[in-house]
Structures are given as structure tokens and as C-alpha cells.
Amino acid sequence: MSDVVYLAPRSLDDALAALRDLGSAATILAGGQDVVPLLNRGQLAPSHLLDICSLSALAAITDGRTLRSERVITIGALATHATIVRHPLIRRWVPLLSEAAGQIGGGVQVQNRGTIGGAVSAANPAYDLPACLVALDAVCVMTGAQGTRRVPAASYFIGPGRTARRPEELLMAFEVAPQATHSGSAYVKLRFTDGGYNIAGAACVLTVAADGICAKAALALSGVAEVPLRLRSVEAVLTGARITDDTLAGLAAAAFSSVDAPISDVMADGDYRRAMAGAMARQAVERASARALSGGEP
């Protein structure tokens with residue numbers, strides 16, 4: 001640790017300049033809930049530590065429009081889990097993120113210090129928010145020397161600890177479309193003890209037509225694979241169907257079959273994770289459907 005150079009840029013331009021010069025030699029520090037333990041255990045040994053906590057603009061949550069006049073909720077990468085749980089824009093228009101952030105373990109310190117950008121950048125399969133962003137078709141916004149890039153969340157995660165962010169880029173924000181009318185969402189997970197990791201989780205967003213038929217479905221799994229797993233085949237089964245006990249039983253089986261390379265580790269083996277993926281998917285779809293029919297509120 002004594003050889004690490006600590007940098008605390010006071011402006012976005014300064015932060016981007018440092019990343020341009022240092023590239024992969026710099027480790028970005030935001031909330032520090034992942035980086036600091038890794039430093040303490042000697043599992044991370046950067047030559048430079050780039051503390052971006054003072055870049056308060058990156059903590060903003062705003063309601064705006066894209067260049068194509070589409071409405072979008074923009075969530076700054078430094079928004080904390082506690083802020084996402086409480087923020088009225090998130091609770092009203094992206095309740096899936098609010099519900100998932102409220103389930104992040106680790107106590108008050110993690111809730112108050114941990115950031116959405118840090119959780120996403122860690123690319124830990126056992127984390128909750130990445131699968132939610134994938135289910136929401138969110139866009140990850142990055143800025144670097146070559147300008148700004150927007151990458152769909154589904155393409156952002158490459159593997160454990162690996163993302164599409166380039167070394168000279170800074171993850172700025174996430175863009176999410178607000179939840180549609182007659183839609184409901186849910187995030188459920190099976191925890192590993194009472195900590196921050198999950199063995200299997202499911203993020204679901206459903207739009208249900210007036211006749212009770214599912215008009216649109218999005219379903220993604222956390223914890224079971226090396227990256228968040230979007231269940232397109234299961235979504236196709238749900239779309240156009242009424243959510244009944246038979247539908248739920250079928251989707252649970254389909255979700256189980258979709259996990260073809262489950263993780264095995266000290267928390268759970270792959271077979272157990274596959275089974276729990278089906279169970280979590282069923283619960284998430286059932287809960288999201290009920291919320292869609294009752295007005296969308298968690």
C-alpha cells in the first residue's frame with residue numbers, strides 16, 4: 001500500500017486526464033466497498049488509486065429526454081444504494097432498482113457508501129444490480145479521450161471482474177426507460193447467509209394488457225452464471241400468455257434448462273444454483289404480474 005500513488009481529482013476533466021495518462025495502471029475508487037477490502041488483502045496492487053468521490057455531478061439522478069425525444073431516467077454512477085432505495089424518481093419510474101438495492105447486504109455502511117457504478121464495475125456474478133440493469137435494457141454511459149460511448153448493459157459484462165469499459169474511460173451513468181403503464185417488476189433472490197452475495201436471483205419486468213395477457217416480458221438471472229443471464233427464450237414463452245400456475249411451472253422449468261453453465265463455488269454447487277434459478281424466476285414473474293395488475297407499485 002505504501003507504494004500506491006493516491007489521486008483525488010476535483011473535476012471530471014482532471015479525472016479523465018488521469019485515466020488517459022495512466023490507463024490500466026489506475027484503479028478507480030468510488031464507494032470503496034469492493035476496492036478497499038481487495039487492497040487490504042493484497043489481492044489488488046495498483047500503482048495509482050484514483051478517488052472520484054468528489055465528483056458530485058456523477059451522483060445525480062435526473063429525468064430527461066434522449067436525442068430521439070425518448071424519456072429516460074439517468075442514474076449517475078456515484079449514486080449510492082441508499083439513494084437508489086429512497087429516490088422518488090427511482091421508486092416511481094424504476095422500482096426494480098429500488099427493490100434490488102434495498103436487498104443488498106452488508107449493513108448500513110454498504111448501503112450508504114456503496115455505489116451503483118462500483119457494484120456494476122466489480123462485475124461480481126453474486127451482485128444484484130447488474131441483472132436488474134440487463135432486464136431493464138439499461139445503457140451504460142462511459143466517457144474517455146475518444147468521447148462518450150453508450151453500451152447496452154447486456155453487452156457490458158464480459159466475465160467475473162471484466163467489463164466493456166476501456167482503461168482510459170470513466171463509467172458515468174446508466175440510462176433507463178421509465179416503467180411503462182400496466183407494468184410491474186420484481187427482484188427476488190436466495191441469499192448466501194445474511195451477507196451481500198446471492199446464490200440465485202431473478203429480475204423481472206412485465207407489461208400486462210387489459211385482458212390479463214402478458215404483452216411484454218423481460219427476465220434476467222443473477223448469481224448463477226459468470227455474467228447476468230437474460231432469458232430470452234423464457235420471455236418468448238411468457239409473451240402472449242396469461243400468467244397462470246401452469247405458465248409459472250413451465251417457466252420455472254424453462255429457466256432451469258436455460259442455465260447451461262452454472263457457477264460452482266463455496267456458496268453453492270452448479271446443480272443447486274440451476275434449481276434455485278427456476279424457483280427465483282417463478283417467484284419474480286408471479287410477483288411482477290401481480291404488481292402489473294394492481295398498478296405497478298412494489
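Our structure's up above, just so we're on the same page.
By convention here, each chain's residues receive numbers from 1 onward along its written sequence. For this predicted model, a pLDDT threshold of at least 70 governs which residues receive local features, and a threshold of 80 or more governs which side-chain atom pairs are given and counted, while totals over whole chains, interfaces and linings are taken from all residues. Only hydrogens and water are set aside when side-chain values are computed; all heavy atoms of the structure are taken into account.

Q: Which residues make up the sheet that holds strand β2 (residues 26-29), and what values go with them?
A: Strands qualify as paired when DSSP identifies two bridges or more between them. Secondary structure follows DSSP: runs of H or I at least 4 residues long count as helices, runs of E at least 2 residues long count as strands, and numbering of each begins at the N terminus. Pairing within the open sheet is parallel, and its 3 strands lie in the order β1-β3-β2. The open sheet is flanked by β1 (5-7) and β2, the only strands paired with a single partner. Taking the axes of each pair of neighbouring strands and ignoring which way they run, one obtains an average angle of 25° across the sheet. In the sheet, β1 pairs with strand β3 (residues 48-51) via 3 bridges, with the strands oriented parallel. Looking at β3, one finds that valine 5 is bridged to histidine 48. Throughout, a contact is declared for two residues whenever any of their heavy atoms are within 4.5 Å. Under this scheme, a helix contributes an axis fitted over its contacting stretch, all axes are lines through C-alpha atoms, and angles between N-to-C directions fall in the 0 to 180 degree range. Helix α1 (residues 12-22) contacts β1, β2 and β3 of the sheet and is inclined by roughly 160° relative to β3.

Q: A description of the nonpolar core should follow, citing residues and the corresponding values.
A: We call a set of buried Ala, Val, Leu, Ile, Met, Phe, Trp, Tyr and Cys residues a nonpolar core when their side-chain atoms join them within 4.5 Å. Burial here depends on accessible area, computed with a 1.4 Å probe over protein chains only, as a share of the maximum for the residue type. Under 20% is buried, over 50% is exposed, and the range in between is partly exposed. Judged by nonpolar contacts, the single largest core of 41 residues is most densely connected at Ile75, Leu97 and Tyr156. Here this core gets 6 residues from one element, more than from any other, and that element is helix α8 (residues 129-135). Not counting residues within four places of it along the chain, the set of residues in contact with isoleucine 75 comprises Ala60, Ile61, Ile84, Ile90, Leu97, Ile116, Ala173, Phe174 and Val176. Ranked by size, the runner-up nonpolar core spans 27 residues in total, among them Leu219, Met276, Ala277 and Ala288.

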